[in-house]
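Summary of structural features
Below are the chains, spelled out letter by letter.
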Amino acid sequence: MRTALILLFLLAVAAIPGSLLPQRSLSQSQVTAYFSDHPDLAKVFDALYLFDVFSSPWFAAIYLLLFISLIGCVVPRAIEHGRAVFAAPPPAPRHLHRLPDNRTLPTDLDAAAALDVVEEELRVRRFRVVRRDGKHGPELSAEKGFLKETGNVVFHLALLALLLGLAGGKLWGYEGSILVTEGERFCNTFQQYDNHREGAFVDPADMTPLCVTLDDFQAQYEDNLTAASFTADIDYGLAGSATRNTTIGVNSPLRVDGDRVYVTGHGFSPVFDVTFANGDSFTDISAPFLPTETRTMSSEGAVKFPDVPGSDTQLALQGLFAPTGSVTGGLLTSIDPRPLDPQVAVFVYEGYLGLDSGLPQNVYSIDQTQLERGTLQQVGQANLKVGESTTLDDGTVITFSGIKEFAAMQLSHDPGQLWVLGAAVAVLVGLLGMLLLRRERVFARASGGTDGAGTVVGIGALTRGSADTAPRFTALTDDVAAALARRTRSEEKPSS
Amino acid sequence: MTDETLAALSDTLFSIAVGLYSLAVVAYCAELAFGGRTAPARELVAAGGGAPALPATPATSADEEPARARRWGMVAMGLTVLGALVQAGVLITRGMATGRLPWGNMYEFGTAVVLVAVVVYLVLAVKTPALRHIGVFVLGPVVLAMVGIGLFLYASAGPLVAALRSAWLAVHVTTAILGFGIFFVSGIASVMYLVRSRYEAKVAAGEAPLSRIVHRLPTAAALDRTAHRTAVFGFPIWTFAVIAGAIWAESAWGRFWGWDPKETWAFIAWVVYAAYLHARTTAGWRGRPSAWVNVVGLGVMVFNLLYVNMVSTGLHSYGGLK
Ligand code: HEM
């Protein structure tokens with residue numbers, strides 16, 4: 001038990017760096033920032049898994065040890081408790097007056113009759129009572145409150161179940177996230193997700209073939225621009241079968257057969273039309289711009305044109321999007337998260353985008369190394385409202401033709417989830433039983449009175465659990481005393 | 001009344017509550033100052049060299065206290081009750097002004113936690129009069145907390161962000177407030193226990209420093225019992241709050257547990273309190289060591305509220321701080 005508690009403590013201590021240092025599982029960009037701020041320290045920390053605390057080998061080791069030690073102490077305990085439920089209460093200790101609560105009651109009844117009275121009072125209080133003929137006279141042992149120990153066993157077994165459920169959910173669970181523009185659709189395969197994370201035992205072939213189309217996204221705001229609700233109208237269904245329509249939103253995901261689909265964020269995709277000098281054109285080209293500030297939805301992103309007709313040079317736009325723009329001193333800022341007056345401030349680049357360089361690229365910005373090398377050059381810059389265009393020196397016309405909304409969506413699969421919930425509820429129930437109930441043992445022994453005439457009943461009690469036992473014991477023994485007196489009188493009556 | 005006047009009234013009530021609590025602190029100080037001048041010496045002599053050098057029943061000092069001290073004590077209690085009522089008014093008017101549960105940001109959360117702590121203290125003090133004497137040590141931190149909340153956490157009355165519009169706000173945050181408020185009193189009882197038990201040890205060793213104020217505190221045993229009982233009460237509530245938080249997180253954030261800083265520290269607090277309850281029944285840890293664990297627990301709770309909301313960035317950043 002002590003080992004388990006120490007390990008649990010160790011788990012808590014091990015969690016601390018995970019909350020103080022940026023974690024890859026929570027924010028890759030913060031980890032990257034940490035690396036550029038403290039390059040040397042970051043390398044050391046990284047070697048120690050301090051940016052992946054919760055998936056580190058040492059965290060897993062503590063977890064596993066805790067698990068083993070819990071099994072080691074809870075299983076024998078549960079078995080012992082199972083036996084105790086059917087076993088008789090233990091014999092009375094020799095010296096009842098050494099128990100924390102004790103009292104002696106004189107009576108005129110003989111020993112057996114006196115213990116009958118005690119037994120009756122205890123049975124009324126739902127004690128299990130055993131009578132024995134002990135070495136020091138007839139005695140009685142009584143016990144109640146097994147549920148306290150049951151609560152203890154339930155609590156610790158549930159803790160074990162909880163750890164199992166957590167681990168199982170991690171190993172067989174996965175999640176994927178993707179930005180979906182209105183009108184687009186995604187299906188539940190790792191190829192489609194922008195980001196995904198999966199447990200070691202996930203078989204991609206077993207993933208539910210669920211597909212989701214985002215029909216419409218809506219954000220609503222209060223007068224003071226506090227976000228009031230985000231809702232997404234979606235069509236969903238298994239690939240190849242009919243779809244159903246529903247609306248999901250913050251706090252209300254779609255739940256289908258162990259998979260859940262969430263809206264975790266939203267943003268805007270500015271739409272551009274590009275007409276080249278030779279008359280070729282692209283229309284309705286858009287890319288999601290990521291919100292950099294949720295209060296005003298000021299967003300940043302890039303649109304790339306790797307295949308410019310009739311030319312080897314590639315084209316890209318990078319810049320800022322403001323759903324409600326305001327330009328001061330040539331600088332565009334957003335003043336409202338609603339798309340009341342969408343504007344973009346874009347830089348136009350021509351040259352080599354480096355998309356086929358083999359290195360992974362950030363889709364939300366252009367490749368800085370190409371800029372530094374001079375293989376990509378800025379050829380224009382403009383602040384545009386919807387419908388406005390800018391013309392480059394080579395005659396290319398770029399038009400900001402409108403906006404679309406996108407939703408950040410996430411599909412999660414965690415088979416351990418319900419199991420963990422059940423275990424957590426059991427932990428709580430066991431805890432309440434263990435903390436609020438008490439186990440009481442009462443012992444009594446009748447012996448001949450010192451003057452040879454009357455009988456003396458000694459009663460003692462031992463309580464585990466809540467503190468104030470004295471009043472309960474006094475109430476019990478007062479009742480016994482009263483019953484003894486009553487019995488004596490009623491027996492005397494006929495004889496007198 | 002319009003929402004604006006209600007919100008302004010709420011802010012005014014906040015200041016009044018701070019004022020009443022400050023007056024209560026003064027009254028508690030007066031109570032301690034006028035406490036028996038000669039009583040300590042007499043009792044200590046009577047107690048002789050026995051192990052429990054001071055009366056074991058917590059009620060003793062209340063019975064023997066001079067009338068003047070008792071009057072101040074009653075005034076202090078009255079001010080505290082009044083302060084609690086006014087502070088409840090702060091939350092009620094906020095709730096009316098915003099048309100929602102008044103715990104949607106750190107300011108409101110902190111105010112509610114402090115209110116729970118004051119109410120827990122009052123209940124204890126009414127049930128066990130000797131516990132009234134820790135009043136200044138409860139109300140002192142309460143005033144400090146209120147001033148800090150008012151200065152640094154204040155957020156004007158406003159609507160909830162979308163993520164908080166859920167029935168789970170009522171379940172998760174309400175229980176977190178209850179748990180925190182109860183642990184607050186429990187932690188203070190343990191601090192007082194640490195002070196008092198050292199005093200008793202010194203008295204028993206014959207180095208009697210005879211501090212009048214410490215002498216007026218409830219006995220170490222009573223303080224330890226109070227700390228334990230409140231923690232036993234708070235622990236299942238805290239457990240429930242964490243579980244409810246996990247259930248909410250499943251529908252709000254896409255997973256029920258993700259080691260977000262707030263979640264991590266809630267877990268740490270849970271473990272520390274579990275350790276406290278265990279320590280108290282473990283040989284070698286009874287008494288002062290376990291009391292220290294309880295104090296660490298309170299430290300973790302406060303850290304989780306302040307540091308995690310204000311310094312680190314996580315999903316729980318609804319603090320309303322810019
Ligand atoms: C694995 C072996 C463990 C055993 C055999 C064990 C045994 C016990 C026992 C005997 C009690 C009752 C204490 C008393 O006499 O009042 C108890 C209480 C408790 N246990 Fe454990 N424990 C174990 C691990 C843990 C762990 C890992 C936790 C983690 C939280 C924990 C949390 C608690 C709590 C909160 C209580 C209530 C304390 C109280 O009743 O005063 N236990 N445990």
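What counts as what
- Residues numbered from 1 in each chain as written.
- Chains lettered and ligands numbered in written order.
- Predicted model: local features only at pLDDT ≥ 70, side-chain atom pairs only at ≥ 80, totals over all residues.
- Heavy atoms only, no water.
- Helix = DSSP H or I, 4+ residues; strand = E, 2+ residues; numbered from the N terminus.
- Buried < 20%, exposed > 50% of the residue type's maximum accessible area, 1.4 Å probe, protein only.
- Contact = heavy atoms within 4.5 Å.
- Areas by Shrake-Rupley, 256 points an atom, 1.4 Å probe, with all protein chains shown as cover.
- Pairing = 2+ DSSP bridges.
- Axes fitted to C-alpha atoms, helices over the stretch in contact; angles between N-to-C directions.
- Core = buried A, V, L, I, M, F, W, Y, C linked by side-chain atoms within 4.5 Å.
- Buried area = accessible area lost by both parts, 1.4 Å probe.
- Salt bridge = Lys/Arg side-chain N within 4 Å of Asp/Glu carboxyl O.
- Polar contact = N/O pair within 3.5 Å; in protein donor to acceptor, adjacent residues only side chain to side chain.
- Nonpolar A, V, L, I, M, F, W, Y, C, P; charged D, E, K, R; others polar.
- Patch = residues over 30% accessible without salt bridge, like charges linked within 9 Å, V, L, I, M, F, W, Y side chains within 5 Å.
- Donors = N, O, S within 2.8 Å, 3.2 Å for Na, K, Ca; no water.
- Tetrahedral: all angles 85-135°; square planar, octahedral: opposite > 155°, others 65-115°.
- pLDDT = per-residue confidence, 0-100.
- Domains from an automatic or database assignment.

Details of the overall build of chain B
Helix and strand counts for chain B come out as eleven helices and zero strands. Ordered by position from N to C terminus, the α and β elements of chain B give α-α-α-α-α-α-α-α-α-α-α. Each of the 322 residues in chain B was classed as buried or not, and the buried ones make up 60%. Contacts in chain B between residues at least 24 apart in sequence constitute 81% of all its contacts with a sequence separation of at least 6. As displayed, chain B has an accessible area near 12700 Å², and 71% of this comes from carbon and sulfur atoms.

Overview of the sheet that holds strand β3 (residues 137–144) of chain A
All names here are of chain A. An order of β1-β23-β22-β3-β2 is seen for the five strands of this open sheet, with the pairing classed as antiparallel. Because the sheet does not close on itself, it has two edges, and the strands there are β1 (101–107) and β2 (128–134). For this sheet, the mean angle separating the axes of adjacent strands, direction not counted, is 15°. Note: β3 against strand β22 (residues 439–448), six bridges, orientation antiparallel. Residue pairing for β22: Glu 143 is matched across the bridge by Arg 441. Across the sheet, helix α5 (residues 111–124) lies against β1, β2, β3, β22 and β23 (455–464), angled at about 5° from β3, the strand it touches most.

Here's the deal with the nonpolar core
Ranked by size, the top nonpolar core spans 135 residues in total, and within it Tyr21(B), Tyr121(B), Val142(B) and Trp238(B) carry the most contacts. Residue contributions to this core peak at 16 residues, all from helix α7 (residues 167–204) of chain B. Counting 47 residues, the second-largest nonpolar core is a separate cluster that includes Leu214(A), Ala232(A), Val261(A) and Phe321(A).

Focus on the interface of chain B and chain A
Often, the extent of an interface is quoted as the loss of accessible area upon association of its parts. Taken together, the contact pairs 44 residues of chain B with 45 residues of chain A. Summing both partners gives a buried area of about 3600 Å² for chain B against chain A, and 70% of it is carried by carbon and sulfur. Linking chain B with chain A are three salt bridges, by the criterion used here. One salt bridge in this structure joins Glu222(A) and Arg165(B), with 2.8 Å as the shortest N-O distance. One can count eleven residue pairs in polar contact (both at pLDDT 80 or more) joining chain B with chain A. Of all the secondary-structure elements, those providing two or more residues to the side of chain B that touches chain A are α9 (220–252), α10 (261–279) and α11 (288–310) of chain B. Looking at the side of chain B that touches chain A, the element that brings in the most residues is α9(B), giving 13 residues. Its residues assigned to classes, the side of chain B that touches chain A shows 29 nonpolar, nine polar and six charged.

Structural notes on the side chain of Glu119(A)
All names here are of chain A. Inspection of the secondary structure puts Glu 119 in helix α5. Glu 119 gets classed as buried once you look at its relative accessible area, which sits at 16%. Reaching out from Glu 119, the side chain makes a polar contact with the side chain of Arg 131 at a distance of 2.7 Å. The contacts of Glu 119, once residues within four sequence positions are left out, are Val 129, Arg 131 and Leu 140.

Regarding the side chain of His81(A)
Residue and element names in this part refer to chain A. Locating His 81 in the fold gives a position in helix α4 (residues 57–86). According to the relative accessible area criterion, His 81 is buried, its value standing at 9%. Sequence-distant contacts of His 81, defined by excluding residues within four places in its chain, comprise Phe 146, Glu 149, Thr 150 and Val 153.

What about a nonpolar patch on the surface?
Residues and elements named next belong to chain B. A surface patch of nonpolar side chains, amounting to about 640 Å² of accessible area, comprises Val 147, Leu 151, Phe 152, Val 302, Leu 306, Met 310 and Val 311. Secondary structure elements with two or more residues in the nonpolar patch: α6 (135–152) and α11. Take Leu 151: it is sitting in helix α6.

Observations concerning the coordination of the iron atom of the ligand
Within the first shell, the iron atom of the ligand binds the protein through His156(A) (NE2) and His278(B) (NE2), at distances of 2.4 to 2.6 Å. Between the six donor atoms coordinating the iron atom of the ligand, the angles at the centre fall across 76 to 179°, so the site counts as octahedral. With His156(A) in helix α6 (residues 146–172) and His278(B) in helix α10, the pair connects residues from two separate chains.

Regarding the confidence of the model for chain B
Residues and elements named next belong to chain B. With 87% of its residues at a pLDDT of 70 or more, chain B shows a mean pLDDT of 85. Of the regions scoring below 50 in pLDDT, residues 37–63 engages in 35 contacts with residues more than four places distant in sequence or in other chains. Scored by ipTM, the complex comes to 0.82, with pTM at 0.85.

Let's talk about the domain arrangement of chain B
All names here are of chain B. As assigned here, chain B comprises domain 1 (1–35 + 68–160) and domain 2 (161–321). Put simply, the middle of domain 1 and the middle of domain 2, counted by C-alpha atoms, are 20 Å apart. In this assembly, 29 residues from domain 1 lie in contact with 34 residues from domain 2. Buried surface at the junction of domain 1 and domain 2, both sides included, amounts to about 2900 Å², of which 81% is carbon and sulfur. Summed over the three residues of domain 1 that lose the most area to domain 2, namely Met 106, Phe 109 and Leu 160, the buried surface amounts to 24% of that side. Our enumeration of links across domain 1 and domain 2 arrives at zero salt bridges. Only α1 (3–33), α5 (106–127) and α6 provide two or more residues apiece to the side of domain 1 that touches domain 2. Ranked by residues supplied to the side of domain 1 that touches domain 2, first place goes to α5 with nine residues. For the side of domain 1 that touches domain 2, the per-class residue count stands at 25 nonpolar, four polar and no charged.

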